[in-house]
Amino acid sequence: MDYRLAKGVDLHVILTKQFKMTHILIDFATPQTTTNATARNLLANLLETSTHLYPTQTALARQMAKLYGAFVSLGVGRVGQLHTVRLRSSFINNQLAQNNLFAQVTELINQVLFHPLIDDGEFDSPTFRLQVNNLASSIKALYDDKQFYANQQLLKLYYSPDSVMRTPSFGKIMDLDYCTPASLVQTYEKMINQDKIDIFVLGNVDPENVYSAIYQLPFADRNPQLPDQPFYFQQVHEDIVSQEEQQHVSQAKLDLGYHLPIYYRDPLYPAALVFNGLFGGTPYSKLFTNVREKAGLAYYASSRLAPFSGLVNVQTGIQSTDYQTALTMIQEQVTELQTGNFTGDLMREVQDALVNQHYAGFDLANNILEHHLVNQLLSLGEQTDFANQINRVTKNDVMKVASMIKLQASYLLSGEK
């Protein structure tokens, strides 16, 4: 059930008795730029930390404990070129609580979103400094993971120099220097007043009660400036862009970026999923069985299809001395898929794994909400025949997809000097 709360603000109620908890997702979407991701992530951290009514993290936590352990948090994400700030909340349903817990949690969300700890046009300074330090530490910790680091370096090679896709959705440490308690208020006001807002409520709820409670959130009309199509379309490089880097690592990381111009819900998208499953996306894949298991060239070897940016990302952990051999063998797996060198039985195993993985994901409330959010942001209807679409993929379809893939970027992180 869908409701219009204000211009640019929509409520979507998803009725189900599958869960004992009620789940709320409030998504704020705007085009990502090269500079707004860091500020919006820092803002999310500030909003979930304190409000005027609950000025400390401890006070806010105590209030949630009073609401039968209700959970409210904020984080960031990205769908194509759209940057999103997401408030998530989960709590037991009204029947179990035996009171109108939904309305009480909605009021808490009201305090979090509309009554942050802002005075005289600035966020509370001690809280601001603490969250800046926390965010800097968390971003640094991500890059301390060399597998993550290598992947981020690959993306810098793959995407064009001026592409917003080079900037992670969580932002960059260096951009924190440009954030101030006053500038974050501007970021907050822009998000609250200008972002496209989609509110999802999932659970065993009364839609009219949900509408009555959520309507109390004072969202104003807005005219969100979103692109007609949030997919990111990367230009193909004439030549492969390569980089090698040395650090003190015991295990080398070889990451590759392939261009594949097939996007979420395109006619060939099911075939692209099967292709990726055969290439490196499942335990049945060629990268896993041939490169990792049989040849013993990799500690790990996998591929991932990015459905909003036309990227197939390969990640491997290898010995530095095996670099050229591993690179050649990965390319050989692509050739095998292009020429149809895979059995029908293998393809059936991959198709079954994809279908099982898809439907198993719907055992988790957050996955259901994410699915509906993506469809809403892309203006797509509900997909009800996923299994049929995957099972209809033929060997020729996979070969067609494989023929469209083109290596664009190669990054090697090694300990060699």
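Residues numbered from 1 in each chain as written. Predicted model: local features only at pLDDT ≥ 70, side-chain atom pairs only at ≥ 80, totals over all residues. Heavy atoms only, no water.

Identification of the protein chain as Insulinase family protein from Limosilactobacillus urinaemulieris is taken from an unreviewed UniProt entry.

**Focus on the overall build of the protein chain**
Condition: A run of H or I in DSSP becomes a helix once it reaches four residues, and a run of E becomes a strand once it reaches two; helices and strands are each numbered from the N terminus. The reference for a compact globule is 2.2 Å times residues^0.38; the radius of gyration itself is calculated from the C-alpha atoms. Per-residue accessibility, obtained with a 1.4 Å probe over protein chains only, is compared with the maximum for each type, and a residue is labelled buried under 20%, exposed over 50%, and partly exposed between these values. In this description, accessible areas are obtained by the Shrake-Rupley approach with a 1.4 Å probe, and a residue is regarded as covered only by the protein chains that are shown. Only four residue types enter the charge count, namely Lys and Arg as positive and Asp and Glu as negative; His and the chain termini do not. Here the site of a charge means NZ on Lys, CZ on Arg, CG on Asp, or CD on Glu.
Of the regular secondary structure elements, the protein chain holds 15 helices and 13 strands. The globule rule puts the C-alpha radius of gyration for 417 residues at 22 Å, and the 23 Å found for the protein chain is close to it. With the C-alpha coordinates of the protein chain rotated into their principal frame, the extents come out at 60 × 50 × 35 Å. The 417 residues of the protein chain split such that 55% are buried. Looking at the protein chain as shown, the accessible area adds up to about 18,900 Å², and 49% of this sits on carbon and sulfur atoms. Here the protein chain carries 31 positive and 40 negative side-chain charges, and the mean point of each set is 2 Å from the other.

**Points about the sheet that holds strand 13 (residues 406–414)**
Definition in use: Between any two strands, at least two bridges found by DSSP are needed for them to pair. Angles here are taken between N-to-C directions and fall from 0 to 180 degrees, while the axes themselves are lines fitted to C-alpha atoms, restricted in helices to the stretch in contact. Any two residues having at least one pair of non-hydrogen atoms within 4.5 Å are treated as being in contact.
Spatially, 9-13-10-12-11 is the arrangement adopted by the five strands of the open sheet, whose pairing is mixed. At either end of the open sheet lies a strand with only one pairing partner, and these are strand 9 (241–246) and strand 11 (300–306). The average undirected angle you get between the axes of adjacent strands in this sheet is 15°. With seven bridges connecting them, strand 11 and strand 12 (residues 311–318) associate as antiparallel partners. The partner of Ala-301 across the bridge, within strand 12, is Thr-316. Seen against the sheet, helix 6 (residues 146–158) touches strand 9, strand 10 (252–259), strand 11, strand 12 and strand 13 and runs at an angle of roughly 140° to strand 13. Sitting on the sheet, helix 11 (residues 323–338) touches strand 9, strand 10, strand 12 and strand 13, and the angle it makes with strand 10 is about 30°.

**Brief notes about the packing of helix 1 (residues 36–47) against helix 7 (residues 181–194)**
Basically, it comes down to this: An angle below 35 degrees is read as roughly parallel, one above 145 as roughly antiparallel, one from 65 to 115 as roughly perpendicular, and any other as oblique.
At their nearest, the axes of helix 1 and helix 7 sit 10 Å apart, and the two run at 90° to each other. Accordingly, the angle class assigned to the pair helix 1 and helix 7 is roughly perpendicular. Together, Ala-39, Arg-40, Leu-42, Leu-43, Leu-46 and Leu-47 of helix 1 and Leu-184, Thr-187, Tyr-188 and Met-191 of helix 7 make up the contact between the two elements.

**Considerations on the pattern of salt bridges**
We count it as follows: Note on definitions: salt bridges are taken to be side-chain nitrogens of Lys or Arg within 4 Å of carboxyl oxygens of Asp or Glu.
Overall, the coordinates contain eleven salt bridges when judged by the stated rule. Its salt-bridge partner being Arg-86, residue Asp-27 comes within 3.4 Å of it at the nearest N-O pair. You can see Asp-27 sitting in strand 3 (residues 21–31) and its partner Arg-86 sitting in strand 5 (residues 82–92), a full 59 residues away along the chain. Exposure remark for Asp-27: the relative accessible area of 0% places this residue in the buried category.

**A closer look at the environment of Pro-126**
Tracing the backbone through its elements, the reader meets Pro-126 in helix 5 (residues 125–144). Spatially, the C-alpha atoms of Pro-126 and Pro-181 are 9.7 Å apart, while their sequence positions differ by 55 residues.

**Description of the pairing of strand 12**
Of all the eight residues making up strand 12, eight are buried; the element is thus mostly covered by neighbouring parts of the structure. Relative to strand 12, strand 10 is paired through eight bridges, and the arrangement is antiparallel. Note that in strand 12 the partner of Tyr-258 across the bridge is Val-312. The antiparallel pairing of strand 11 with strand 12 creates a hairpin that spans four residues between the two strands, and Gly-310 there sits at a positive phi of about 65°.

**Brief notes about the packing of helix 9 (residues 269–281) against helix 12 (residues 344–360)**
Convention followed: By definition, turning the near helix anticlockwise from the far helix through less than a right angle yields a left-handed crossing, and turning it clockwise yields a right-handed one.
Put simply, helix 9 and helix 12 touch, their axes get as near as 9 Å, and they point 115° apart. Here helix 9 is positioned roughly perpendicular relative to helix 12, judged by the angle of their axes. Along this stretch, helix 9 crosses helix 12, giving a crossing that reads as right-handed. Mapping the contact onto sequence places Leu-273, Val-274, Gly-277 and Leu-278 in helix 9 and Leu-346, Met-347, Val-350, Gln-351 and Leu-354 in helix 12.

**As for helix 10 (residues 286–294)**
Because each turn of an α-helix spans 3.6 residues, side chains separated by three or four positions in sequence point in the same direction. Let me state the cut-off plainly: Here the arc refers to the directions that run from the helix axis out to each C-beta atom. Any pair of N or O atoms that falls within 3.5 Å is considered a polar contact. Within protein, one atom must be able to donate a hydrogen and the other to accept it, and sequence-neighbouring residues count only if both atoms are side-chain atoms.
Of the residues making up helix 10, those classed as buried are Lys-286, Leu-287, Asn-290 and Val-291. For helix 10, the angular spread of the buried residues around the axis is 105°, confining them to a single face. On its buried face, helix 10 is in contact with helix 9, strand 11, strand 12 and helix 11. Measuring from the side-chain oxygen of the N-cap residue of helix 10 to the backbone nitrogen of Phe-288 gives 3.3 Å; that N-cap residue is Ser-285. Two residues or fewer after helix 10 comes Gly-296, characterised by a positive phi angle close to 65°.

**With respect to the pairing of strand 2 (residues 9–15)**
Across the seven residues that make up strand 2, a large majority, six, are buried. Sheet topology places strand 1 (residues 2–6) next to strand 2; four bridges connect them, and they run antiparallel. Note that in strand 2 the partner of Tyr-3 across the bridge is Leu-11. If you look at the hairpin formed by strand 1 and strand 2, you'll find two residues sitting between the two strands, and Gly-8 has a positive phi there, around 85°. Sheet topology note: the strand 2/strand 8 (residues 196–203) ladder contains seven bridges and is parallel. Note that in strand 8 the partner of Ile-14 across the bridge is Leu-202.

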